[in-house]
Amino acid sequence: GAGVSQSPSNKVTEKGKDVELRCDPISGHTALYWYRQSLGQGLEFLIYFQGNSAPDKSGLPSDRFSAERTGGSVSTLTIQRTQQEDSAVYLCASSHRQGSNYGYTFGSGTRLTVV
Amino acid sequence: AQSVAQPEDQVNVAEGNPLTVKCTYSVSGNPYLFWYVQYPNRGLQFLLKYITGDNLVKGSYGFEAEFNKSQTSFHLKKPSALVSDSALYFCAVRDMGYGNNRLAFGKGNQVVVIP
């Protein structure tokens, strides 16, 4: 597509439930990133996929968080047993290989609210 | 590890006046530097980048930024602010070290342009 698409745009869930957030990157972009944006905290790196290489998971805050990228395209970020501190905007971005030279293209994000 | 500091939470400026948003960075090697802007309920939009070459970089919407290696700064500037420039601005840095594809973001600066 023309841009990075994320769904849903908003998600309200009960504490303890699992949620899945989806990211559809720009066609041809081999790199995909997930960031979390909390109020007043800036952007926190979560995970990075590059082609068929093993993902860089070093930013995932706990083992309740996981992500996969199927076929080198769509990615799903899963949060199990959600907690209130998981409430944030989850942003996905994609880029060409070595894409940081060119910057990222961000999606509009998924606003997650855990009640 | 790379990091970015944006020392001011909010920048208020009168319409028509010069706008400056400050950013300092820390990397072990040479930096790639970026500015992004975020409008309400939107993803981040790329404004400009410094990779190499001229220290003064020009970007979208009349913005520019100056790379200062000795001061490790990359301040964003616009000669004459518009009300429509009111948004959240993020500075980001990537260490050019091999294998590092991650951008580190600052916490963001809210810019308010007063009519």
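How each quantity is defined
- Residues numbered from 1 in each chain as written.
- Chains lettered and ligands numbered in written order.
- Predicted model: local features only at pLDDT ≥ 70, side-chain atom pairs only at ≥ 80, totals over all residues.
- Heavy atoms only, no water.
- Pairing = 2+ DSSP bridges.
- Helix = DSSP H or I, 4+ residues; strand = E, 2+ residues; numbered from the N terminus.
- Axes fitted to C-alpha atoms, helices over the stretch in contact; angles between N-to-C directions.
- 1 Å grid on protein atoms, 1.4 Å probe; cavity = no way out; pocket = protein on both sides within 12 Å on 5 of 7 lines; lining within 4 Å.
- Points joined across faces, edges and corners; volume = space filled by probe spheres on them.
- Nonpolar A, V, L, I, M, F, W, Y, C, P; charged D, E, K, R; others polar.
- Phe/Tyr/Trp six-rings, centres within 6.5 Å; stacked < 30°, edge-to-face > 60°.
- Buried < 20%, exposed > 50% of the residue type's maximum accessible area, 1.4 Å probe, protein only.
- Contact = heavy atoms within 4.5 Å.
- Buried area = accessible area lost by both parts, 1.4 Å probe.
- Salt bridge = Lys/Arg side-chain N within 4 Å of Asp/Glu carboxyl O.

A few words on the sheet that holds strand β3 (residues 19-24) of chain A. Residues and elements named next belong to chain A. One open sheet holds the 4 strands; their spatial order is β1-β3-β7-β6, and the pairing between them is antiparallel. One side of each edge strand has no neighbouring strand; the edge strands of this open sheet are β1 (5-7) and β6 (65-69). Taking the axes of each pair of neighbouring strands and ignoring which way they run, one obtains an average angle of 15° across the sheet. Sheet analysis places β1 next to β3, joined by 3 bridges and oriented antiparallel. Considered in β3, the bridge of Ser-5 is made with Asp-24.

Now for the layout of surface pockets. Reported here for the largest pocket is a volume of approximately 640 Å³. Around the largest pocket, the lining comprises 31 residues; the ones closest to its centre are Gln37(A), Val89(A), Arg111(A), Gln38(B) and Leu88(B). Taken together, the elements giving at least two residues each to the lining of the largest pocket come down to β4 (31-38), β8 (88-95) and β10 (110-114) of chain A together with β10 (87-95) of chain B. The dominant element in the lining of the largest pocket, judged by the number of residues it contributes, is β10(A), at 4 residues. Partitioning the lining of the largest pocket into residue classes produces 10 nonpolar, 17 polar and 4 charged.

Once that is clear, we can look at the packing of aromatic side chains. Scanning all chains against the criterion turns up 16 aromatic pairs over all chains. Both rings, one in Phe106(A) and one in Tyr36(B), keep their centres 5.6 Å apart while their planes meet at 85°; by these two values the pair is edge-to-face. On the criterion of chain membership, the pair formed by Phe106(A) in strand β9 (residues 105-106) and Tyr36(B) in strand β5 (residues 31-38) is interchain, its members lying in two chains. For the ring pair Tyr36(B) and Phe46(B), a centre distance of 6.0 Å and an interplane angle of 75° mean the geometry is edge-to-face. Within this pair, whereas Tyr36(B) is found in strand β5, its partner Phe46(B) is found in strand β6 (residues 44-50), the two being separated by 10 residues in sequence. What makes Phe46(B) partly exposed here is its relative accessible area of 33%. The rings of Tyr33(A), Tyr35(A), Phe45(A), Tyr48(A), Tyr104(A), Phe106(A), Phe34(B), Tyr36(B), Phe46(B) and Phe105(B) are connected pair by pair, giving a single aromatic cluster.

It is worth spelling out the interface of chain B and chain A at this point. Across the contact, 19 residues belong to chain B and 22 residues belong to chain A. For the pair chain B and chain A, the summed buried surface comes to about 1600 Å²; carbon and sulfur atoms form 48% of the total. At the surface where chain B touches chain A, the tally comes to 0 salt bridges. Elements supplying a minimum of two residues to the side of chain B that touches chain A: β5, β6 and β10 of chain B. When residues of the side of chain B that touches chain A are assigned to their parent elements, the largest contribution, 4 residues, is made by β5(B). Of the residues assigned to the side of chain B that touches chain A, the class counts are 9 nonpolar, 5 polar and 5 charged.

Attention now goes to the pairing of strand β5 (residues 42-50) of chain A. One face of the sheet, then the other: side chains in a regular strand alternate in exactly this way. Most of β5(A) sits out of view: 8 of its 9 residues are buried. The hairpin formed by β4(A) and β5(A) contains 3 residues between the paired strands, and Gly40(A) there has a positive phi angle of roughly 75°.

Here Ser7(A) and Pro8(A) are connected by a cis peptide whose omega angle stands at -10°. Positionally, Pro8(A) belongs in the loop between β1 and β2 (10-13). Here Arg81(A), not a glycine, exhibits a phi torsion of approximately 50°, which is positive. Within the secondary structure layout, Arg81(A) lies in the loop between β7 (75-79) and β8. Taking the relative accessible area as the measure of exposure, Arg81(A) reaches 42% and is therefore partly exposed. We note that Thr72(B) has phi near 45°; this positive angle belongs to a residue other than glycine. Judged by relative accessible area, Thr72(B) falls into the partly exposed class, the value being 31%.

Within the secondary structure, Tyr33(A) sits in strand β4. For the pair Tyr33(A) and Phe45(A), spaced 12 residues apart in sequence, the C-alpha separation works out to 7.9 Å.

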